[in-house]
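Tertiary structure, described
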Amino acid sequence: MATSRYLWQFSVSHDLQGVLVEKLSGMKFKEFVPSSTPEAMPGMKRQTTLLMNGDVLQMNYDELEKLALACGFSHVGRLDADTIKVREEVRKLCAQDKCHAYGKSWSCPPACGTLSECEAIIRKYKKGLILQTTSNLESSFDFEGMKCLDKAHKKAVEKFTRKIKETIPNALVLGAGTCTACKTCTYPDEPCRFPEKMVSSMEAFGMIVTEVCKANGIQYYYGEGTLTYVACALVE
């Protein structure tokens, strides 16, 4: 019996045009067809319809990196998910509740899952990005500068999460610190209000951030008087 070839159609946001690139498994993109333009539909977000023969998509990481930088990150690097190690000692540090979020948020332990469950999620992926936000501080006591950097990093994570999930719904974005999508989390009394916005931290999933950066050849220390917050995105 002859094998049928299907023409798949995908809607790709303007921000992620180019994230999906030509060729995989011997197949090629058939054509790019603009389904709307700002000129034709004022106030509407530009969309592109991607037509493809085949069954797998390949990511264009150069375009993903450009998107991440546009969202506000200072540095972006490639991440090999096989280099990620989950550490029981990191979970033990979480349990000390120095951040006052342990057992108080759906994004944090124990609600985000056991360490084994978190590792199982990570192992579904092979590739991704390391996302950093770096700033200079006036001194080691520049707590206002630290607060501003934390806010900027969370804003970049939030924006990138929203953009990437438009085209890659199953992408896993992990940030720094507890989720701040809501002023007060519903945990444990009610389900998460916005699960699509919730972002757990790399530490919640048992990662040592500096170890992940080093294993992927990504710089972490950018000189005296600097501070860097780190996130990551697993996309395939």
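Presented here is an overview of the structure given in this document. Just so it is clear, the model here is predicted, and its values are computed rather than measured. (Residues numbered from 1 in each chain as written. Predicted model: local features only at pLDDT ≥ 70, side-chain atom pairs only at ≥ 80, totals over all residues. Heavy atoms only, no water.)

**Considerations on the environment of D82**
The condition that has to hold: Runs of H or I in DSSP of at least four residues are treated as helices and runs of E of at least two as strands, each being numbered from the N terminus. Relative accessible area decides the class of each residue, using a 1.4 Å probe on protein chains only: under 20% of the type maximum gives buried, over 50% gives exposed, and in between gives partly exposed. Should any heavy atoms of two residues lie within 4.5 Å, those residues are considered in contact.
Locating D82 in the fold gives a position in the loop between strand 4 (75-80) and helix 2 (88-95). With a relative accessible area of 46%, D82 lands in the partly exposed category. When the C-alpha positions of D82 and A215 are compared, they lie 9.9 Å apart, and in sequence the two are 133 residues distant. Those residues in contact with D82 that sit more than four places away from it in its chain are R123 and K126.

**Some remarks on a positive patch on the surface**
This is how it is decided: Patch rule: a residue counts if its relative accessible area is over 30% and it has no salt bridge; like charges are joined within 9 Å, and nonpolar side chains (Val, Leu, Ile, Met, Phe, Trp, Tyr) within 5 Å. Surface exposure here means Shrake-Rupley accessible area, sampled with a 1.4 Å probe, where a residue is shielded only by the protein chains that are shown. Here a salt bridge means any side-chain nitrogen of Lys or Arg lying within 4 Å of a carboxyl oxygen belonging to Asp or Glu. In this tally, Asp and Glu contribute negative charge and Lys and Arg positive charge; neither His nor the terminal groups of the chain are included. Each charge is placed at NZ for Lys, CZ for Arg, CG for Asp and CD for Glu.
On the surface, K147, K151, K155, K159, R162 and K197 cluster together to form a positively charged patch. Along the chain, K151 falls in helix 4 (residues 143-167).

**Focus on the nonpolar core**
Where we set the bar: As used here, the term nonpolar core means buried Ala, Val, Leu, Ile, Met, Phe, Trp, Tyr and Cys residues forming a set that is joined through side-chain atoms within 4.5 Å.
Counting residues in hydrophobic clusters, the biggest one holds 23 residues, and the most contacted among them are M202, F205, M207 and L234. Listed by contribution, the elements that provide at least two residues to this core are helix 3 (115-122), strand 6 (172-174), helix 5 (209-215) and strand 7 (226-234). Those residues in contact with L234 that sit more than four places away from it in its chain are L79, A81, I84, I122, Y125, K127, G128, A171 and L172. Of all hydrophobic cores here, the second largest spans 20 residues; its members include C71, L131, A156 and I164.

**Things to note about the pairing of strand 7**
The following threshold applies: Strands qualify as paired when DSSP identifies two bridges or more between them.
Where burial is concerned, most of strand 7 is hidden: 7 out of the 9 residues are buried. Where strand 6 and strand 7 come together, 3 bridges link them in antiparallel fashion. Along strand 7, the bridge assignment pairs L172 with L234.

**Some remarks on the pattern of salt bridges**
Evaluated as defined, the whole model comprises 7 salt bridges. A salt bridge links E65 to R78; the shortest N-O distance between them is 2.3 Å. Residue E65 is located in helix 1 (residues 61-70), and its partner R78 is located in strand 4; the two are separated by 13 residues in the primary sequence. E65 sits in the buried class, given a relative accessible area of 19%.

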